[in-house]
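# Per-entry structural report
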Amino acid sequence: CDYPDFAKLAYEKYVELNKNAFIIVLCSTGIGISISMNRFEIDCCLVHNELEVEIAVKKIKAKGISLGGNILGQELLNDL
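Structure report, in brief. (Residues numbered from 1 in each chain as written. Predicted model: local features only at pLDDT ≥ 70, side-chain atom pairs only at ≥ 80, totals over all residues. Heavy atoms only, no water.)

## Examining the pairing of strand β3 (residues 64-68)
Where burial is concerned, most of β3 is hidden: five out of the five residues are buried. Residues Gly64, Ser66 and Gly68 line one face of β3 and the alternating positions Ile65 and Leu67 line the opposite face, and both faces are buried. Here strand β1 (residues 23-27) pairs with β3 via five bridges, running parallel. Looking across to β3, one finds that Ile23 is bridged to Gly64. Bridge count between strand β2 (residues 44-46) and β3: three bridges; the pairing is parallel. Within the sheet, the bridge partner assigned to Leu46 lies in β3 and is Ser66. (Buried < 20%, exposed > 50% of the residue type's maximum accessible area, 1.4 Å probe, protein only. Helix = DSSP H or I, 4+ residues; strand = E, 2+ residues; numbered from the N terminus. Pairing = 2+ DSSP bridges.)

## Some points on helix α2 (residues 31-39)
What α2 keeps buried is the set Gly32, Ile33, Ser34, Ser36 and Met37. Directly after α2, the chain includes Glu41, whose backbone phi takes a positive value near 60°.

## Focus on the nonpolar core
Nonpolar side chains tend toward joint burial in soluble globular proteins. In this structure, Ala7, Ala10, Tyr14, Ile23, Val25, Cys27, Ile33, Met37, Ile42 and Cys44 together form the largest nonpolar core, which totals 10 residues. Among the secondary structure elements, those contributing two or more residues to this core are α1 (3-16), β1 and α2. Every residue in contact with Cys44, bar those within four places of it in the chain, is listed here: Val25, Ser34, Met37, Asn38, Gly64, Ile65 and Ser66. (Core = buried A, V, L, I, M, F, W, Y, C linked by side-chain atoms within 4.5 Å. Contact = heavy atoms within 4.5 Å.)

## Description of the environment of Asp79
By the element assignment, Asp79 lies in helix α4 (residues 74-79). Judged by its relative accessible area of 49%, Asp79 falls in the partly exposed class. Separated by 29 residues in sequence, Asp79 and Glu50 have C-alpha atoms that sit 8.2 Å apart.

## A short note on the sheet that holds β3
Strands sit in the order β1-β3-β2 across an open sheet of three strands; the sheet is parallel. Two strands lie at the open edges of the sheet, namely β1 and β2, each paired on one side alone. Taking the axes of each pair of neighbouring strands and ignoring which way they run, one obtains an average angle of 25° across the sheet. (Axes fitted to C-alpha atoms, helices over the stretch in contact; angles between N-to-C directions.)

Laid out in structure tokens, this is it:
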């Protein structure tokens, strides 16, 4: 997929919701989509497990997280 296009769509939805949304985005590794989201100043963290999600949300106050669909197993993706 062309993740910059999807990042733009996610950002537009975020703005539409008056920046009161939490964004979860996904690409094969999570890296490209995370970089693209951060270009929109979303503070999107690439996470690999539940601890990183907790840190991103509670300590960093991230507005979104990115996940790598090919990196994380389906079971972990379902848990997150």
